[in-house]
Amino acid sequence: MKLIHAADIHLGSKMDSRFPAEIAAKRKEELRNTFLRMADYAAANGVAAVLLAGDVFDSDMPFKKDKDFFYSVVKNHPAVDFLYLRGNHDCGGGYEGEPLPNLKTFANTWTFYTYGKVVIGGIETDGENASSLYSTLALDKDACNIVLLHGQIADNTGKDKVCLKKLRGRNIDYLALGHVHKPQAGRLDERGEYAYCGCLEGRGFDEPGPHGFMLLEIGDTLTRTFVPFAEREIVETDADITGKADAYAAGVAVRREVAFDRRNLYRVNLVGEVAFDTESMAADVQKYLSNECFYISVKDRTRRALDIAAYEKDVSLKGEFVRAVYAAGDCTEEEKQQILRCGLRALRGEEFDL
Amino acid sequence: MKLLSCYIENFGKIRGESLTFRDGLTSVCEKNGYGKTTLAAFFKAMFYGMDSSFARTKFNDRAHYCPFGGGVFGGNVVFLYRGKTYKIERTFDKASETKDTLTVYRDGVPCTELADPVGEAIFGIDKASFERTVFITAGEVALSSTDSINTKLNNFLEGSDDDTNLRAATERLDKQIKTYKKQKLSAGLIQDETARGNELKERIANCTAIRNGLPAKYERLRAYEREIKERTDAVTAAQNENVVRANWEHYDKQRAEIAESERRIAAIQAAYPFGIPPEEETEQAAAYAAALERERALAQKKIFTEEDAAKYAALREKFSAGVPAEEALTDAQEAIGRVQALRAEAAALRARQDTEKDAALRHRFSAHAPTEQDRAKLEEACRRYKITDSAYEQAPDYLTAAAPAPAAPPKKAALIAAVIAAVLLVAGVALLFVQLIAGIVLLALGAVGLLADGFLYLNKKSGSRAQAGAMQTENPEKAAIRAERERIASEIGAQVMPYGYSLQNGALYAAAAFLEDCKEYAGLQKKDEERAATLAQKEERAAAMQKKLDAFFGGYGAYADNDIRRLMQLRTDISDFRALQKRREDSDAAERSNRDAMERARGALLAYCRTYHIAEEGIAQRLKTVLADGRALADETKALQKKKVDAATFRESKHLTDRPAGEAADLAEMNGMLNRLQDEKNRLSQQIAEDERDAERGDALQNELAESEERLAEYKRRYSVLVKTKEFLELADFRLKEKYVRPIRESFLSYSALLERALGETIVIDANFNVRFEHGGIERSEEHLSAGQRSICALCFRLALIDNMYAEEKPFLILDDPFVNLDGEHLQKVKALLAELAKNMQIVYFSCHESRMM
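What comes next concerns the included structure.

Conventions used here
Residues numbered from 1 in each chain as written. Chains lettered and ligands numbered in written order. Predicted model: local features only at pLDDT ≥ 70, side-chain atom pairs only at ≥ 80, totals over all residues. Heavy atoms only, no water. Patch = residues over 30% accessible without salt bridge, like charges linked within 9 Å, V, L, I, M, F, W, Y side chains within 5 Å. Areas by Shrake-Rupley, 256 points an atom, 1.4 Å probe, with all protein chains shown as cover. Salt bridge = Lys/Arg side-chain N within 4 Å of Asp/Glu carboxyl O. Helix = DSSP H or I, 4+ residues; strand = E, 2+ residues; numbered from the N terminus. Buried < 20%, exposed > 50% of the residue type's maximum accessible area, 1.4 Å probe, protein only. Pairing = 2+ DSSP bridges. Axes fitted to C-alpha atoms, helices over the stretch in contact; angles between N-to-C directions. Contact = heavy atoms within 4.5 Å. Buried area = accessible area lost by both parts, 1.4 Å probe. Polar contact = N/O pair within 3.5 Å; in protein donor to acceptor, adjacent residues only side chain to side chain.

Residues and elements named next belong to chain B. A cluster of nonpolar side chains, namely Leu436, Ile437, Ile440, Val441 and Leu445, defines an oily patch on the protein surface of about 490 Å² accessible area. Position of Ile440 among the secondary structure elements: in helix 14 (residues 436–464). Classification of Ile440 as partly exposed rests on a relative accessible area of 46%.

Attention shifts here to the sheet that holds strand 2 (residues 47–53) of chain A. Residues and elements named next belong to chain A. Strand order in the open sheet formed by 6 strands is 4-3-2-1-13-14, and the pairing between neighbours is mixed. A strand with exactly one partner marks an edge of an open sheet, and here the two such strands are strand 4 (103–105) and strand 14 (222–228). Neighbouring strand axes in the sheet, compared pairwise and without regard to direction, differ in orientation by 20° on average. The pairing of strand 1 (residues 2–6) with strand 2 spans 5 bridges and is classified as parallel. By the bridge assignment, Ile4 is partnered in strand 2 with Val50. Along the sheet, helix 2 (residues 64–75) contacts strand 2, strand 3 (81–85) and strand 4; its crossing angle with strand 3, the most-contacted strand, is approximately 145°.

Our focus in this paragraph is the sheet that holds strand 16 (residues 265–271) of chain A. Residue and element names in this part refer to chain A. Sheet architecture is open: 3 strands sit in the order 15-16-18, paired in parallel fashion. Two strands bound the open sheet, and with one partner strand each, they are strand 15 (234–240) and strand 18 (295–300). Each strand axis lies, on average, 20° off the axis of its neighbour in the sheet, ignoring direction. Where strand 15 and strand 16 come together, 7 bridges link them in parallel fashion. Along strand 16, the bridge assignment pairs Glu236 with Arg267.

What follows covers the interface of chain B and chain A. Each partner contributes to the interface: chain B provides 50 residues, whereas chain A provides 40 residues. A buried area of about 3,900 Å², summed over both sides, lies between chain B and chain A, and 61% of it is on carbon and sulfur atoms. Linking chain B with chain A are 4 salt bridges, by the criterion used here. When the shortest N-O distance is used, the salt bridge between Lys724 of chain B and Glu335 of chain A registers 3.0 Å. Connecting chain B to chain A are 9 residue pairs in polar contact (both at pLDDT 80 or more).

Per the stated rule, a full pass over the model turns up 75 salt bridges over all chains. A salt bridge links Glu30 of chain A to Arg27 of chain A; the shortest N-O distance between them is 2.7 Å. Residue Glu30 of chain A and its partner Arg27 of chain A are both found in helix 1 (residues 21–44); the two are separated by 3 residues, about one turn of the helix. Judged by relative accessible area, which is 5%, Glu30 of chain A ranks as buried. Two residues, Glu201 of chain A and Arg27 of chain A, come together in a salt bridge whose shortest N-O distance is 2.7 Å. Of this pair, Glu201 of chain A sits in the loop between strand 12 (193–196) and strand 13 (212–218) while Arg27 of chain A sits in helix 1; the two residues are 174 residues apart in sequence, bridging distant segments of the chain. The pair Glu201 of chain A / Arg27 of chain A is uniform in exposure class, with both members buried. Three or more residues joined by partner-sharing salt bridges are found here, namely Glu380, Arg383, Arg384, Glu484, Arg487 and Glu491 of chain B.

Next up, the structure:
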């Protein structure tokens, strides 16, 4: 038997504010499409059920069109069951339309669905059951037990928390979690494991890396495989441009260091040390590399090399200025670099770009 | 630190030059162009090295002082530093400092304690500062009393003369700062971005409000959907009930139709108290009735009419002796043909026309045909003429010849051919009435034959005529002969000329022609006789045959005007007779058959009518009615059965058990209400969609706000950096002043105190390095000082700088003729000053004039 464990779809979510408007709009569309593709995948590969461990929507009051989309997908894949556990972001995502036989929901008490020897249970946590849910969970040790929960792993109980130690020894073979957007897994106890499947698509540069769902294959044993399924991957990486004097050279250096994939989104941090009065190259490097991928954002994190020793014996206003800035205790290193660059250019009569 | 000596291998135009220096003041008097400036640059290069010279760099010292003549570019300098003697040996590459060599000796031993740049290690200042302090030339001593201390100090220290100083820098910073924040006008990028952020927040608040209003709309939408569902169910129920009602109506209609069918069946059956005859029998009876009618109609129609009978009687009369056999008819036909042929031949013979020649002959000789004697006489005359003529010919001059008589044409063959052609013609004519094509063929053959025969005959005859010709000569004997001949010719002429012949062509010719014609005429006459005989024979035969034909035809009363018609008529009569005979036989048979059929039909009909008690009168129509009724009854019965089954099936299929009570629901009103609800729901859905779109814009606005806040933070950061930069620059300026200006000022004042004796004035310098002097208790501007006095002030300033900029080791001082503007008195005073200074400082003084030597 095959199952899909997915979570944190966040339909209707707004994308990272650092994406340009058209990129954000496209990503929003791709997010919906990936969910649809997952449903198609489930239908095409004989998956019995898709376990949705919370945050299908992004809001307690999701838009009607997002809800209509979700339920339309469910309705149009009648051969696949969708077990929908609401999370902290989609309390208001309940379904009020005509009954869908393949949509199974959960409540704030334990609800179970049986598929042969596989029992899938879940509970939607709130303030009133956050602590008691552990004691009310009773599972048959002879069944293959899968539990859905949405929350952050913690050592204590509480709303939107999952206390692992209280779930140990309860005959759980697989704890399907949602809430954390990065896929991760671990041992629960001798019998079972837990896993966060992560979100289906990264929504910003704070969600880099591969995204997808967990495919569970249940035979004599339960095996879990992470299936990367996102339309695009978000990659954040550093590129050392030490010694590069202009944006073109910096762009070449970035190209050498980063293996671009045209489908993906990149955040490239320019690091290393460049000449002190080098203009910020981030904007130009971003332009040069814009065709290498779907979207790129370049940030200048370089250090400006200033040989303070050269100014120690500089008997001039410039030298005095440099020494005064370096000795300042109320400025950060970056601020000092900028003040020095600005001041020295001003003294030289040059334009200074901050 | 003290210079001890230096050796210049090759540096600029100085080559292989050694100089020794002593403590205190060293004066060097060299003419212009010696290289004093070069020497100064040499010292700088020794202590600090030289920058590389590249194609794009300015014309720097390396390029400037590279010796044209080649050789080792460099030298050494020996100096005393911290009690030890050091020697710096340097060679320079003409372009790159990486190829320069440097060796520092301490007390003659190479050492590494003084790292390059050696000058910085010794003096604690960089090359530029060194250059600007150690060397004083005539052009660098001017002080401008209007420069601020920063300009003075910074320009001096920076080595620049342009306006790249603190004031300019702070002005630029202020300009940049104002772009971010204008203090008085509340404008600038920060202000603008803040306003933009506020505007975005307002718009976001609006979007949020719209979003917050959505749940209520969702609830209303759900309420609409519930109500619509309820009403839809009600409509469906009403529709279903209406369907049931309609079904009952349909069932009632079916029942009514069943009753109507039963009524119709009863009506039909009522018309036949003894039962309606079966269709098959009725059809059969109808067939008999139709047959009876047909037979009656046929009986009315006579195959063998009265006219036929009369005609048949007449023909039977005609052929009472028997119908002639076909052989007889054929014989008659042949006879007719033969008669016609004979007649045609006779006609042809009779119609034969003379040719022109024959006509001419007849014309000539019809009146009096030449006798045999006439011809013999003429022949004799011709013989004598010939003899005469021959004699005449034989006479010396003239000859006479006579043409041989032509041969007679074969007349008999032509005649036979003509007869055969005529026979063919006649036969063709006769056959035309019997066999058209054969008749035409024979006619054609006959005509062709006749034409060919005539052509050939005429052709041979014309060819048989010979042309006679004669020639005469005249001689006396000939004349007699000629006369004799002429007499004979006259004789001949007398015979022939009455017949129209002329002697134009000669007597012999005429005689020959005459004789020929006579023969022809004789032949013509013979022909006439033969023709007459043949004609008579043919006519006789034709008459005999005709007689036979008349007898034959007469026996059958055939009296047409010609035999062919009679034969045709006879054949027609025979054919008619036989046809009439056949028709009569057929007519008799038909009548018999007709009677039988009528009897049968009548009998069958009678039986049918008796069986079913149906009146015989108008039976045909009655039978149609019976048939129609029978079929109608069968159809109705069948239809009734089907209707009953259909009705039962319908009722069962539609489950018509209980008839709905009450009135039918007003579906139109219900649907109207439903449509109104649907419209309202659709409007609400549209509103929700619009609201969601607007609310979704809030996400984009949130992003814009985040970007705006980032920009604002960035602007604030930049503003902070700019402000701090300005502050640090001012701080640096203050510290610089604190560090250098005060001590420099104090040093300057101490030096200027010395100068009071030299200048005779009390010199003061304020915090901004504005030089003033006191005169008469009043401070005056340094502009009142002479050039020489100002140059001395500049010297004091430099000395003050040296005092403060060189922490430990004071450098030497190189004065490159700086006092060119001093008069002799002041120069003396400067000498005294320098002598004083030289007690504590090594001074190398260059001048190009002995008057200014120290």
